[in-house]
Protein chains: 4
Amino acid sequence: MAAIRGMNAGKVLQTAIAFRQTGPRWNLLRCFAVSAQQKASMTPIGFVGLGNMGGHMAKNLLKQGYPLVIHDVYPEAITELQDLGASVADSAADVAEKTDRIVTMLPSSPNVIEAYNSATGILSTVRKGALLIDSSTIDPSVAKEVAAQAEKKGAVYMDAPVSGGVNAARDALLTFMVGGKPEEFGAAKELLQCMGKNVVNTGPVGTGQAAKICNNMMLGITMIGTSETMNLGIRLGLEPKMLAQILNTSSGRSWSSDTYNPVPGVMEGVPSANQYKGGFSTGLMTKDLGLAQNAATNTKSPTPLGSLAHQIYRIMCSKGYSLKDFSSAFQYLKEE
Amino acid sequence: MAAIRGMNAGKVLQTAIAFRQTGPRWNLLRCFAVSAQQKASMTPIGFVGLGNMGGHMAKNLLKQGYPLVIHDVYPEAITELQDLGASVADSAADVAEKTDRIVTMLPSSPNVIEAYNSATGILSTVRKGALLIDSSTIDPSVAKEVAAQAEKKGAVYMDAPVSGGVNAARDALLTFMVGGKPEEFGAAKELLQCMGKNVVNTGPVGTGQAAKICNNMMLGITMIGTSETMNLGIRLGLEPKMLAQILNTSSGRSWSSDTYNPVPGVMEGVPSANQYKGGFSTGLMTKDLGLAQNAATNTKSPTPLGSLAHQIYRIMCSKGYSLKDFSSAFQYLKEE
Amino acid sequence: MAAIRGMNAGKVLQTAIAFRQTGPRWNLLRCFAVSAQQKASMTPIGFVGLGNMGGHMAKNLLKQGYPLVIHDVYPEAITELQDLGASVADSAADVAEKTDRIVTMLPSSPNVIEAYNSATGILSTVRKGALLIDSSTIDPSVAKEVAAQAEKKGAVYMDAPVSGGVNAARDALLTFMVGGKPEEFGAAKELLQCMGKNVVNTGPVGTGQAAKICNNMMLGITMIGTSETMNLGIRLGLEPKMLAQILNTSSGRSWSSDTYNPVPGVMEGVPSANQYKGGFSTGLMTKDLGLAQNAATNTKSPTPLGSLAHQIYRIMCSKGYSLKDFSSAFQYLKEE
Amino acid sequence: MAAIRGMNAGKVLQTAIAFRQTGPRWNLLRCFAVSAQQKASMTPIGFVGLGNMGGHMAKNLLKQGYPLVIHDVYPEAITELQDLGASVADSAADVAEKTDRIVTMLPSSPNVIEAYNSATGILSTVRKGALLIDSSTIDPSVAKEVAAQAEKKGAVYMDAPVSGGVNAARDALLTFMVGGKPEEFGAAKELLQCMGKNVVNTGPVGTGQAAKICNNMMLGITMIGTSETMNLGIRLGLEPKMLAQILNTSSGRSWSSDTYNPVPGVMEGVPSANQYKGGFSTGLMTKDLGLAQNAATNTKSPTPLGSLAHQIYRIMCSKGYSLKDFSSAFQYLKEE
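Thresholds, definitions, all that
- Residues numbered from 1 in each chain as written.
- Chains lettered and ligands numbered in written order.
- Predicted model: local features only at pLDDT ≥ 70, side-chain atom pairs only at ≥ 80, totals over all residues.
- Heavy atoms only, no water.
- Helix = DSSP H or I, 4+ residues; strand = E, 2+ residues; numbered from the N terminus.
- Buried < 20%, exposed > 50% of the residue type's maximum accessible area, 1.4 Å probe, protein only.
- Contact = heavy atoms within 4.5 Å.
- Areas by Shrake-Rupley, 256 points an atom, 1.4 Å probe, with all protein chains shown as cover.
- Expected span 1.5 Å × (residues − 1).
- Buried area = accessible area lost by both parts, 1.4 Å probe.
- Salt bridge = Lys/Arg side-chain N within 4 Å of Asp/Glu carboxyl O.
- Polar contact = N/O pair within 3.5 Å; in protein donor to acceptor, adjacent residues only side chain to side chain.
- Nonpolar A, V, L, I, M, F, W, Y, C, P; charged D, E, K, R; others polar.
- Phe/Tyr/Trp six-rings, centres within 6.5 Å; stacked < 30°, edge-to-face > 60°.
- Lys NZ or Arg CZ within 6 Å of the ring centre and 35° of its normal.
- UniProt positions renumbered as here; feature names shortened; annotations may be inferred.
- Arc of directions from axis to C-beta.
- Least-squares fit on C-alpha atoms with pLDDT ≥ 70 in both.
- Axes fitted to C-alpha atoms, helices over the stretch in contact; angles between N-to-C directions.
- Parallel < 35°, antiparallel > 145°, perpendicular 65-115°, else oblique.
- Left-handed = near helix turned anticlockwise from the far one by under 90°.
- Pairing = 2+ DSSP bridges.
- Right-handed = clockwise from strand over helix to strand, strands pointing away.

**A few points about the overall build of chain A**
Helix and strand counts for chain A come out as 17 helices and nine strands. Looking at the 336 residues of chain A, the share that counts as buried comes to 61%. Considering only residue pairs separated by 6 or more positions, chain A has 63% of its internal contacts joining residues 24 or more positions apart. When the accessible surface of chain A is split by element, carbon and sulfur atoms take 55% of a total near 12800 Å².

Quick look at the structure:
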């Protein structure tokens, strides 16, 4: 690390990329390199929505030296960040008066519409040329609508939903799927790289949401599929680790079976090894699957498995699985 | 390769394994090494069932120097192998009289029951201590039944269904999932290693079938799931290669999207790049999914997605997709 | 009928009800009786949306002697009614200036929002105390929203979606499921009874839509279920009429099998006896099933069969079945 | 009734039919009429399988004056009938030696195969010309196989599965769906009419089973569909009885909603009004749906809704609903 300190910012960046190094330390360096190259952009960043995810994301921006102006409808969320030096705004509109780059991280479409379009929302005071990065997971058509309204005010709205969960938010290892014009992507990437590991420009605005819900629909399908498959195999006499190994070295392979196996005892360090605590909840997966179904209906796309996965997770929600990790589908199907 | 020629068989084997080398040439060496170590076992092998898969498998045994005694109800299948030196038997019983190691490769449970249990079947003349390796894909309970009947005759029956398709059969790159006792597995492995790359002892007899149908149920689910997901993403404005890349570097990853993507133009060298010709047909996938559903019903295992995948492939069969590769599910869902 | 002519209006009404007589002639009498009792209410009725359904419905109001003020974005729809004496308005707002009872019959939620809320929409000029009857089939939450906005203007909006199809619209045999307060229902019923046979107050505003989409979700399920069942039975050797008779006299009975059987040759006078022409199209059924899914997602209600029925009809739409009657599900499943 | 006593048997029969009278008393008369016309046929009837259903059915035969020779693997089942005058046989073979008309009522295919084909089974001693009526619900292909084997012995096997449940068995109100030749149907009908109300010749042997499983697949679909629909409507603000009334007078009508509504409070005298006790259990429905799926797979018939209904009932079985009436699907879907 000492050797690196002597390097200039550009070389640090190249080194980080060349060796494909990751992890919090390297991310820190990468950000350091980026921000060293771009000292001019340490102007305050606005941040609206400081929940489980937003709180960690805002902290990572602070760590990179970005002053923050924050707002959340729940005051408790604010205290910790205030102690770390963030200033507090009264409303989203107040945030937009004081900053020209804003990140929002809210639970759903209505919250986003509220935060942007209400009388005390961002668009009521937003400055021309402002950059608005929305990391909420919402309907792609809502994202496109807000983008259109932002454009009328001369601001740029980009959808940048995340993948990775609370731990990845804390460790700045999120994946951001960003929709917006390439020429505007660079500025967004500067900020997002301090909160995440992969930052991808998926296409025009709205496609970030599209990529996110497509990924999560596929994930819901492979998790329930893996749960069914493991349960069937076990009842047919296969030992769980053997079956997982076969799937993972054959055409039955998926992230759900090789990185997040839902059967207790097959892998360590995943929720199935810890009574399905933590992780990505069934409730949140169900919400994302509902968004996928709405998008499918709106585009007349047939999604039979995605639709059934949505129904199964919905039933699980009503049976007490809402707060368990979504890999608890195995427990749900197996349980007798 | 010259260096290798000087090595003894054992060292060849160790070298092959150490460098994790694969491919036809290395497989040839590996077999050479195995058979060099075991010169005693070049007695004739029986082979019943010489279709698309069995024909290639039998050829690979011949290449390794094993004399073959073959039988098939269709005479045409036999000609090529006869020319390569195989002797022809009149019936399965005839094969069993002349060999004490037999491989069967038949389309379905009734064919297997016929080949083993009929008046002119293998078990009518099988010798004590004979090794019967059945690579057909059938119901696990049928495999267990035949094994029980073989045991009464003092013979050993092991289920060893394959994964990999016709090309892998031709290139001796199949995966064998073998059910049977560990002490009998070694003898089976010797033969199977000349026809395949991965040979795994999955557990007691019947578990080879179990592993195969579990893998293929998961595969049917991920292929339809990937097809739905890609189609939805495209209609939401995502460029196909971008979407595939996102899935493949995120939690939506599966073999169906990163090794066999069903969308034309996303990958080369897969059926979607060739009008869905070749590969693993929809008809065969449907058959395997039906076996999975029977097994699920018999073990009272809930398999909602597997059951729906089966229905979708069944509908595709009646719409002219039977002979197309099973990744044509994308074309089926997308088509307007 | 001569005997009836001498009766007073009240007695005609009682007679019609007592003998549970239906049919166009009796409906005419019933309306005659109703309107004779309520001569005061022959003020002009507004009608917006004169398509396949609305055109017939408007005609039936004219027949009952109600003057009409009509509007449609498509001029062709208007001509025939103009010839029958209706006056034409320039816009929905224009209709609302000239009438204080308005019926709307539009294809979907966006059209309804446009017709009511736009600058030239009904609510821009609506009079206090006006009665707005919306027979479009839309999302219940949209209906409730428009009702709330109408209330702000002092008008009453009731959702009154229909069941019965084009023939029932023509013959004034529709079923209306009306949401709104009982005290306002009477006024609505007066008009609706001239267009339909069953007029039911389902509950508060929004419940008319709820009843409609629930009914149609169940209908989609029974139609596909009946199609699957008939197809399976035929393949198991049952003669179609025999199987239908068994279902219809047993617990497998449903409207789809005893009144609208999808198998050609089982019943006369239904679309399956006429190459699936006419009736209620697959496209419209798919739309209603999509509304049901949205409502299910919004209320977190698990609807696995309804969701799968939606997917199957959606796939049928992309295979050329959009304009065929929805009972063509049998043809779709059976076809080889 | 006195007037009837004076009538001859033939006229009693005609009267019963003419007025479409049903109920235990009329059934008794009808049987009386039939048996009076056919005094010759009061030879002993064999009955194998005296469980929940068979016990009642056997009792009704005794009531009609038929001597019985009974057998069951469980001795407890036999005691009551013994007290009523039945003689006990040691085995199914013993029954077949002593009678030339036998009724079997067994839980599943393996039991039927055992009772007919084992060394101590019916076919080991069956007399030429014997009539074998099998009221078990089994796979149609198994029924056809047993029929073929019976034919080799010169006996006639007919499949005659029932519908109606334990109460209908007790009250001789069952529906029999009989597969077999018309010329043999008459003899079967004589016996079956003393145990049931509807006796239908569905077609050749095997079609009785086909009709039964088709009916029950449709029933499983309408019951889950009705449960989903009622639950959705209730959450959208509809009062349950109102919604049921709408469905039942509209195209959403089915036996499940108008005769066996699953929502507590909507109807009296059905399991939903009695904590889902009694009736037709979820476990039995699941078994029948599994038979339907096997038959669908064997005939390559696409049954997406039937297959999903099977999965849902299977999941319910593992959640403690096995012994509840199958209309408990409403409780399962609604429960939070």
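**Focus: helix α4 (residues 52-63) of chain C**
All names here are of chain C. Between the first and last C-alpha of α4 there are 17 Å, a value that for 12 residues agrees with the 16 Å anticipated at 1.5 Å per step. For α4, the tally of buried residues reaches nine of 12 residues, placing the bulk of the element in the interior. Of the residues trailing α4, Gly65 is marked for its positive phi of about 90 degrees.

**Topic: the interface of chain D and chain C**
Listed per partner, the contact involves 58 residues of chain D and 58 residues of chain C. Across the chain D to chain C interface the summed buried area is about 4800 Å²; carbon plus sulfur atoms make up 68%. For the chain D face of the interface with chain C, the top three residues by lost area are D:Met218, D:Ser251 and D:Leu305, together amounting to 14%. The interface formed by chain D and chain C contains two salt bridges. Residue C:Asp258 pairs with D:Arg253 through a salt bridge whose shortest N-O separation is 3.0 Å. Our count for the contact surface shared by chain D and chain C stands at 18 residue pairs in polar contact (both at pLDDT 80 or more). Breaking the side of chain D that touches chain C down by element, the ones donating at least two residues are β9 (196-203), α11 (207-235), α12 (240-248), α13 (255-258), α14 (282-298) and α15 (304-321) of chain D. Its residues placed into classes, the side of chain D that touches chain C shows 30 nonpolar, 23 polar and five charged.

**Comments concerning the packing of aromatic side chains**
Per the counting criterion, the structure on display carries 20 aromatic pairs over all chains. Counting every residue linked through ring pairs, the aromatic cluster contains A:Trp255, A:Tyr260, A:Phe280 and A:Phe326. Here the basic side chain of A:Lys319 rests over the ring of D:Tyr332, its NZ or CZ set 4.2 Å away from the ring centre. Above the plane of the ring of C:Tyr321 lies C:Lys324, whose end atom (NZ or CZ) is 4.9 Å from the centre.

**Quick look at the UniProt feature "active site" (unreviewed entry) in chain A**
Residues and elements named next belong to chain A. UniProt's entry tags Lys212 with the feature "active site" (unreviewed entry), counted in the numbering of this structure. You can see Lys212 is positioned in helix α12 (residues 207-235). For Lys212, a relative accessible area of 8% corresponds to the buried category. A polar atom in the side chain of Lys212 sits 2.9 Å from the backbone oxygen of Val162.

**Some thoughts on helix α7 (residues 109-117) of chain C**
All names here are of chain C. Among the residues of α7, those classed as buried are Ser109, Val112, Ala115 and Tyr116. Along α7, the residues classed as buried sweep out an arc of 130 degrees about the axis, all on the same side. Relative to its buried face, α7 has exposed residues pointing more than 90 degrees away, namely Pro110 and Glu114. Those residues of α7 that are buried are in contact with α6 (92-98), β4 (101-104), β5 (131-134), α8 (140-152) and β6 (156-159).

**A few points about the relation of the copies chain D and chain C**
Aligned on chain C, chain D shows an RMSD of 0.1 Å; the corresponding rotation is 180 degrees and the shift along the axis is 0.0 Å. Such values leave the two copies arranged in the relation of a two-fold axis. If distances are taken from each C-alpha of chain D to the rotation axis, the shortest is found for D:Ser254, at 1.9 Å.

**Things to note about the packing of α11(D) against α15(D)**
Each packed pair of helices is defined by two parameters, the angle between the axes and the distance between the axes. Residue and element names in this part refer to chain D. Remark: α11 packs on α15, axes separated minimally by 9 Å, with the N-to-C direction vectors making an angle of 70 degrees. By the angle class used here, α11 and α15 are roughly perpendicular. For the pair α11 and α15, the crossing hand works out as left-handed. Only Leu305, Gly306, Ala309, Ile312 and Tyr313 of α15 make contact with α11, whose side of the interface consists of Met217, Gly220, Ile221, Met223 and Ile224.

**Focus on the relation of the copies chain B and chain C**
For the pair chain B and chain C, the relating rotation is 180 degrees, the translation along its axis is 0.0 Å, and the fit reaches an RMSD of 0.0 Å. In this assembly, 100% of the residues forming the interface of chain B have copies in chain C that are likewise at the interface, indicating an isologous arrangement.

**Some details on the pairing of strand β2 (residues 68-71) of chain C**
All names here are of chain C. Where burial is concerned, the two faces of β2 agree: the one with Leu68 and Ile70 and the one with Val69 and His71 are both buried. Pairing between strand β1 (residues 45-48) and β2: four bridges, direction parallel. Bridge pairing in β2 links Gly46 to Val69. In this fold, the crossover linking β1 to β2 by way of α4 has right-handed handedness. Pairing of β2 with strand β3 (residues 87-88), which is carried by two bridges, proceeds in the parallel orientation. If you follow Val69 over to β3, its bridge partner there is Ser87.

**Side note on the packing of α11(D) against α12(D)**
Residues and elements named next belong to chain D. Two elements in contact, α11 and α12, have axes whose closest approach is 10 Å; the angle formed by their N-to-C orientations is 130 degrees. In terms of their interaxial angle, α11 and α12 are classed as oblique. Like other packed secondary-structure pairs, α11 and α12 cross with a definite hand, here right-handed. Contacts between α11 and α12 involve Thr229, Met230, Gly233 and Ile234 on the former and, on the latter, Pro240, Leu243, Ala244 and Leu247. For the contact of α11 with α12, the residue count by class is six nonpolar, two polar and no charged.

**Quick word on the interface of chain B and chain C**
Taken together, the contact pairs eight residues of chain B with eight residues of chain C. Surface buried jointly by chain B and chain C totals about 720 Å² across both partners, of which 54% is contributed by carbon and sulfur atoms. On the chain B side of the interface with chain C, the three residues burying the most area are B:Ser318, B:Lys319 and B:Tyr332, jointly 54% of the side's total. Where chain B packs against chain C, one counts zero salt bridges. For the interface between chain B and chain C, the tally reads three residue pairs in polar contact (both at pLDDT 80 or more). Contributing elements (two or more residues each) for the side of chain B that touches chain C: α16 (304-321) and α17 (329-334) of chain B.

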